[in-house]
Amino acid sequence: MSKVLVTGSAGYIGKHLCLYLAKMGYHVTGIDRQGYGTGCHEFIEQNILDTKDIQGDYDAVIHLAALVQVGMSQKCMMEYYRNNVMGTMSMLERLNYDTFIFASTCQANEPHTYGKTKLMGEHIVKDYCEVRGVPHTIFRFGNVAGTAGYWPTNTDGLLYNLIKAKETGTFYLYGNDYHTKDGTANRDYIHVMEVVYAIEKAICRPSRFIDADTYPYIEYLGHGQLYSVLECVEAFKKANKCNFDVVVKPRRIGDPANVEIKYPISPYMVEEKCPLEEMMRV
């Protein structure tokens, strides 16, 4: 039985991933500071910045834990650098593993602090693993949506706020004056289970090996198609048979108009594209 360790196991992706890996026969150890590990055989309640040694040898470490709110990253810059950069260094150094999988973001090239910390994390993982001869995979996620039992936890995230609007009757749209087709921000969306399936494939088949120069540095998880916030709102209403008011507010600090796709789609992606309505269904 392969042993895997998942950081951020109590998060949105983490819960889906741990439960799926356990069903697939993996022995799953979760780490999270929240004190909850769905689907885990073992759970370590710990901040990734802690210095206490973690015992055990793992076939793979999957590093999901991070602070992810773009606007908050501009306000709490040093907290994001500590958690997302130093936390990644801590996980690389404190654990014994055969392969390392790093969760980055399609916004890693954006000029906000969140994107900068994730880009730094990518370089650290690449350099550290190559020097130590460790196979590794770096995933850049599109905007993750959808559910297979657990709802999003990022309070800045679109799906989280659409679910909230379904309950309250009001959705707050931050910015309708972007230079886009309908004035709202465009993103590439991916279902959470598509992320889970890709990560599971990378456990046994890491994308990056030493001296394998033909392999890509980055694995992009997305569909290569941008949807606007308004398109997602309409898809959510249709998929969940609901209605609510849309109230326009000023843009949030750090939010770009488009997050463009500048690298190939990962071969770990499932071949059939998940429809937007399905990604918006809860």
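Details of the structure are given in the entry above.
Here is a short report on the structure shown in this document. (Residues numbered from 1 in each chain as written. Predicted model: local features only at pLDDT ≥ 70, side-chain atom pairs only at ≥ 80, totals over all residues. Heavy atoms only, no water.)

1. Let's talk about the sheet that holds strand β11 (residues 226-228)
Move 1: Spatial ordering of the open sheet is given by β7-β9-β11, a layout of 3 strands whose pairing is mixed. Looking at which strands have only one partner, the edges of the open sheet turn out to be β7 (143-145) and β11. Neighbour to neighbour, the strand axes of the sheet diverge by 60° on average, direction disregarded.
Move 2: As paired strands, strand β9 (residues 186-191) and β11 are joined by 3 bridges and run antiparallel to one another. Residue pairing across strands places Arg-187 opposite Tyr-227, the latter belonging to β11.
Move 3: Strands in contact with helix α6 (residues 192-204) are β7 and β9; relative to β9, the strand with the most contacts, it is inclined by about 65°. (Pairing = 2+ DSSP bridges. Helix = DSSP H or I, 4+ residues; strand = E, 2+ residues; numbered from the N terminus. Axes fitted to C-alpha atoms, helices over the stretch in contact; angles between N-to-C directions. Contact = heavy atoms within 4.5 Å.)

2. Regarding the environment of Thr-113
Move 1: Inspection of the secondary structure puts Thr-113 in helix α4 (residues 113-132).
Move 2: Note on Thr-113: relative accessible area 3%, which makes it buried.
Move 3: Put simply, Thr-113 and Met-77 are 36 residues apart on the chain and 6.4 Å apart in space, counted from C-alpha to C-alpha.
Move 4: Not counting the four nearest positions on each side in its chain, Thr-113 is found in contact with Ser-73, Gln-74, Met-77, Tyr-80 and Tyr-81.
Move 5: A polar side-chain atom of Thr-113 sits 3.4 Å from the main-chain carbonyl oxygen of Ser-73. (Buried < 20%, exposed > 50% of the residue type's maximum accessible area, 1.4 Å probe, protein only. Polar contact = N/O pair within 3.5 Å; in protein donor to acceptor, adjacent residues only side chain to side chain.)

3. Describing the packing of helix α1 (residues 12-23) against α6
Move 1: At a closest axis distance of 9 Å, the pairing of α1 and α6 adopts a crossing angle of 55°. In terms of axis orientation, α1 runs oblique to α6. α6 is crossed by α1, and the crossing has right-handed handedness. Here Tyr-12, Ile-13, His-16, Leu-17, Tyr-20 and Leu-21 of α1 lie close against α6, whose contacting residues are Val-192, Met-193, Val-195, Val-196, Tyr-197, Ile-199, Glu-200 and Ile-203.
Move 2: Across the contact of α1 with α6, the residue classes tally to 12 nonpolar, 1 polar and 1 charged. (Parallel < 35°, antiparallel > 145°, perpendicular 65-115°, else oblique. Left-handed = near helix turned anticlockwise from the far one by under 90°. Nonpolar A, V, L, I, M, F, W, Y, C, P; charged D, E, K, R; others polar.)

4. Focus on the pattern of salt bridges
Move 1: Applying the stated criterion across every chain, the model contains 9 salt bridges.
Move 2: Taking the shortest distance from any N to any O, the salt bridge between Arg-252 and Asp-156 comes out at 3.7 Å. Of the two residues, Arg-252 sits in the loop between β12 (245-249) and α8 (276-279) while Asp-156 sits in the loop between β7 and α5 (158-168), which places them 96 residues apart along the sequence.
Move 3: Residue classification places Arg-252 among the partly exposed positions, given a relative accessible area of 29%.
Move 4: What makes Asp-156 partly exposed here is its relative accessible area of 24%.
Move 5: Between Glu-278 and Arg-281 there is a salt bridge whose closest N-O contact spans 3.1 Å.
Move 6: Overlapping salt bridges bring together Asp-156, Arg-252 and Asp-255 as one network. (Salt bridge = Lys/Arg side-chain N within 4 Å of Asp/Glu carboxyl O.)

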